[in-house]
Amino acid sequence: MRTILVVDNDKLILAFMEDLLEKEGYRVLTAEDGLSALDLLREHTPDVIFVDLVMPNISGEKLCRIIRGMPHLENAYLVILSAIAAERRDTPSMLDIDAQIAKTPLAEMARNVLAVLKAAESNPRQRCPERIAGIDSIYSRGITRELLAFKEHFELILAGMSEAIFELTAEKRIVYVNPAAVSLSGIPEECLLGEMLEDLFVPRERSTIQKLLDASVHSRTPIHRAGPYSINHRKTLLNSFPLPAPTEKWVVILCDVTEIMELEAQLISAQRMEAVGTLAAGIAHDFNNLLMNVQGNVSLMLWPLSEDHPHYERLRKIEAQVRNGSRLTSQLLGYARKGRYDVRPLDLNQLVRDSADTLVKTRKQITFRAELEAELPAVDADQSQMQQLLLNLFVNAADAMLQGGELFVRTRKATPAEVSRPAFEPGAECYVTLSVHDTGCGMDLDTLERIFEPFFTTKAPGQGTGLGLASVYGIVKGHNGHIEVRSEPGRGSVFTVHLPAGGDRNESLETGGQAPYEEESTSSGGRECILLIDDEERIRDVGRDLLEALDYRVLAAESGSEAMEVFTRHHASIDLVLLDMIMPGMSGGELFDKLKAVDPDVRVLLASGYSLDGEAGEIVQRGCSGFIQKPFRLHELSTKIREILHT
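Residues numbered from 1 in each chain as written. Predicted model: local features only at pLDDT ≥ 70, side-chain atom pairs only at ≥ 80, totals over all residues. Heavy atoms only, no water.

This part takes up the sheet that holds strand β6 (residues 164–168). Strand order in the open sheet made by the five strands is β7-β6-β10-β9-β8, with antiparallel pairing throughout. Pairing within the sheet leaves two strands with one partner each, and these edge strands are β7 (174–177) and β8 (223–231). Going across the sheet, the axis of each strand differs from the next one's by a mean of 30 degrees, ignoring polarity. The pairing of β6 with strand β10 (residues 250–256) spans five bridges and is antiparallel. Within β10, the position partnered with L168 by the bridge is W250. Together, β8, β9 (234–242) and β10 form the strand contacts of helix α9 (residues 203–219), whose direction differs from that of β8 by roughly 160 degrees. (Pairing = 2+ DSSP bridges. Helix = DSSP H or I, 4+ residues; strand = E, 2+ residues; numbered from the N terminus. Axes fitted to C-alpha atoms, helices over the stretch in contact; angles between N-to-C directions. Contact = heavy atoms within 4.5 Å.)

As structure tokens, this is what we get:
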């Protein structure tokens, strides 16, 4: 016995078709809407299916497309039985149907139905017939055409909306989706219809969404901007509202806010990093002042000692630890973007080769590969900062591959469009891109969000300071560049750095390693007078002792106002001013301008726990004679002073 399914929301038509077809010996199944039809088709395989075009809960057109996508129904004879068949001339080619019947008076419609069934038995699958059975017995209906035009108008509006729109039954089953919903979910329309909305979201959120929708349906209250919830790797806000009675349907609108949330997260991260950077710079400055006090006293103790003195080596070891502490503060200053001070064209490829050679010699288990673009433009950068950046990236990669692995480094030229990101607006005409790819353990999302924070480390206590990647971040930002990271647990990490291309690569510097530490000879002064200005008493005391050890006469002041009084009275006899950059009340910059106003030829040596950047660099450009960074050794102070006084 052949089985026939009739799908129509008109109960009179269903009763008529059931009575007609059962008398002809057919087994008849009926469904009042597209959703009910889908449920039947999951369990039954009818030979012939009659479908009305206009129905609730999945229209006839969408139902036909779904049927043709079901493997077990590929040979089913599909017939449109509709009152608007005459107005939809493109239906056969669109839906891959086998026949069309217009709804006419029942007696004639019965003859047309039986004729189609007879044709189906003798010649299965007609493949898009043009003729509509019963078309000659109906007249043109202007109202029907107007209603169809009105329907198509709103369908075009819904299709053009960027929000994902779902129509749901009271059971939360999907019966309509617009193109944006298909795009958001990544699931074809025919697979979405009939499914539960909550099943589209990630498993951990489904119960929450189910409870949210159940409560809303029960109370008939709308939902406004709930979430965000995740669907197909996108973040969405959920809105819903009930359709007017007597229908029990709901419309759910999902707004994709992924990019907005990413930008907000990047803004919050940038603000947090900026705040942490300010704190880090302040810590570095204060720590350098502490180190200055230690270094100054060590220098004074070493000054009269010969190398065979029993305390000489101990003092030199203390001095070495001061230098180690200074290197840590240098990393903090790099993070805070206060570490760049000597910018010139550099050959990044050569820096990569030199840094990689150092790494390979110490990490034998690492295989190094490089793809360095020939004729790579130079970058305008500070050499020591770039060396620090590369070394930190390489060491970080090696530490992620303790059991061995491959480190792949690539450089290339890039256009502004290639490096443009939501959080980075390129400002140069050309960029140099450096990528460092390791095959190590990778990082989870929580780690990725914190890797550039100072003192954050995943290493065991005593095995890392948490400053390496923090300084990388600061160095890149300080050079007007951008850094990004991709990583997954067990799949390694890729750090990508974009730096503005700079000057002529033929003027690039040599990129050899740093020279080993050597104590230089220290020369005494000639009884010149130096005005020492510093707000910290311990720094003034040790500074005075250092200068007097070098045979200079010293005047001291603890504030800008006191310094101006001393300078105004004695400027004719003052040969040099040693000026602290950071002071309360009157800053070093303000005081410098006031000193120049009294004596335009005044020679000023600027001292700071910060590097020569920002305000310090501006003061030097305004005519300051020199700069020395704390902590400094006795011979460094001696050399700087002699250079200025003898100029």
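A word on helix α12 (residues 348–362). Given a rise of 1.5 Å per residue, 15 residues ought to cover 21 Å, and the 22 Å separating the end C-alpha atoms of α12 matches this to within 8%. Among all positions of α12, only L348, N349, L351, V352, S355, A356 and L359 are buried. Taken end-on, α12 shows its buried residues confined to a sector of 150 degrees, consistent with a single buried face. In the core, the buried residues of α12 are packed alongside β11 (343–346), β12 (366–372), α13 (383–399), β14 (405–414) and β15 (431–438). (Expected span 1.5 Å × (residues − 1). Buried < 20%, exposed > 50% of the residue type's maximum accessible area, 1.4 Å probe, protein only. Arc of directions from axis to C-beta.)

To continue, consider the pairing of β8. Sheet analysis places β8 next to β9, joined by five bridges and oriented antiparallel. Its bridge partner lying in β9, I223 is registered against S240. From the end of β8 to the start of β9, which pair antiparallel, there are two residues, and N232 there has a positive phi angle of about 55 degrees.

This next bit is on the packing of aromatic side chains. Enumeration according to the criterion identifies three aromatic pairs in this entry. Both rings, one in F201 and one in Y229, keep their centres 6.4 Å apart while their planes meet at 85 degrees; by these two values the pair is edge-to-face. Of the two residues, F201 is situated in the loop between α8 (189–192) and α9 and Y229 in strand β8; the sequence distance between them amounts to 28 residues. As far as the burial class goes, F201 and Y229 line up, both buried. Relative to Y431, the ring of F424 has its centre 6.0 Å away and its plane inclined at 85 degrees; by these criteria the two rings are edge-to-face. (Phe/Tyr/Trp six-rings, centres within 6.5 Å; stacked < 30°, edge-to-face > 60°.)

Quick look at the nonpolar core now. Ranked by size, the top nonpolar core spans 48 residues in total, and within it L63, F166, L197, F201, L238 and L254 carry the most contacts. Core analysis: the second largest hydrophobic core is formed by 35 residues, I366, M386, L393 and V436 among them. (Core = buried A, V, L, I, M, F, W, Y, C linked by side-chain atoms within 4.5 Å.)

The next thing to look at is the packing of α12 against α13. For the pair α12 and α13, interaxial distance at closest approach is 10 Å and the crossing angle is 45 degrees. With respect to each other, α12 and α13 are oriented oblique. As α12 packs across α13, the resulting crossing turns out to be right-handed. For the pair α12 and α13, the contacting residues are L348, L351, V352, S355, A356 and L359 in the first and Q383, M386, Q387, L390, F394 and A398 in the second. (Parallel < 35°, antiparallel > 145°, perpendicular 65-115°, else oblique. Left-handed = near helix turned anticlockwise from the far one by under 90°.)

Glancing now at the pairing of strand β19 (residues 553–557). By the bridge criterion, five bridges tie strand β18 (residues 529–533) to β19 in an arrangement that is parallel. Within β19, the position partnered with I533 by the bridge is A557. After leaving β18, the chain enters helix α17 (residues 537–549) and then returns to the sheet as β19, a path that is right-handed. (Right-handed = clockwise from strand over helix to strand, strands pointing away.)

A word on the environment of D551. Mapped onto the fold, D551 is located in the loop between α17 and β19. When its relative accessible area of 33% is taken as the criterion, D551 is described as partly exposed. Remark: the alpha-carbon pair of D551 and E528, spanning 23 residues in sequence, is separated by 8.0 Å.

Spacing of three or four residues puts side chains on the same side of an α-helix, whose turn is 3.6 residues. Taking 1.5 Å as the rise per residue, α17 with 13 residues should run 18 Å; its terminal C-alpha atoms sit 18 Å apart, in good agreement. The set of residues buried in α17 consists of I539, R540, V542, G543, L546, L547 and A549. Trailing α17 by a residue or two, D551 shows a phi angle of about 70 degrees, which is positive.

Bringing the environment of S487 into the picture now. By the secondary structure assignment, S487 is in strand β16 (residues 482–487). For S487, a relative accessible area of 15% translates into the label buried. With 47 residues separating them in the primary sequence, S487 and G440 have C-alpha atoms 9.8 Å apart. Discounting residues that sit within four places of it in the chain, S487 has contacts with G442, M443, L448, G492 and S493. At 2.8 Å, the side chain of S487 and the backbone nitrogen of M443 are in polar contact. At 3.0 Å, the side chain of S487 forms a polar contact with the backbone oxygen of G492. (Polar contact = N/O pair within 3.5 Å; in protein donor to acceptor, adjacent residues only side chain to side chain.)

What follows deals with the pattern of salt bridges. Across all of its chains, the model carries 25 salt bridges by this definition. Taking the shortest distance from any N to any O, the salt bridge between K172 and D214 comes out at 2.8 Å. Linking K172 in the loop between β6 and β7 with D214 in helix α9, this pair joins segments that are 42 residues apart in sequence. Judged by relative accessible area, which is 36%, D214 ranks as partly exposed. Here E528 and R642 are joined by a salt bridge, their closest N and O atoms 3.6 Å apart. Here R642 lies in helix α21 (residues 634–645) and E528 lies in the loop between β17 (493–500) and β18, a separation of 114 residues in the sequence. In this structure E528 comes out as buried when scored by relative accessible area, which is 17%. A single salt-bridge network, built from bridges that share partners, covers D39, R42, R173 and E195. (Salt bridge = Lys/Arg side-chain N within 4 Å of Asp/Glu carboxyl O.)

This part is about unusual backbone geometry. Here the bond from G227 into P228 is cis, since omega is 15 degrees, no more than 30 degrees from zero. Tracing the backbone through its elements, the reader meets P228 in strand β8. Backbone torsion omega between K630 and P631 reads -5 degrees, so that peptide bond is classified as cis. Turning to its location among the elements, P631 is positioned in the loop between β22 (626–629) and α21. For R225, which is not glycine, the phi dihedral falls at a positive 50 degrees. You can see R225 is positioned in strand β8. Even without a glycine there, the phi angle at N232 is positive, about 55 degrees. Topologically, N232 is positioned in the loop between β8 and β9. Since its relative accessible area comes to 36%, N232 is described here as partly exposed.

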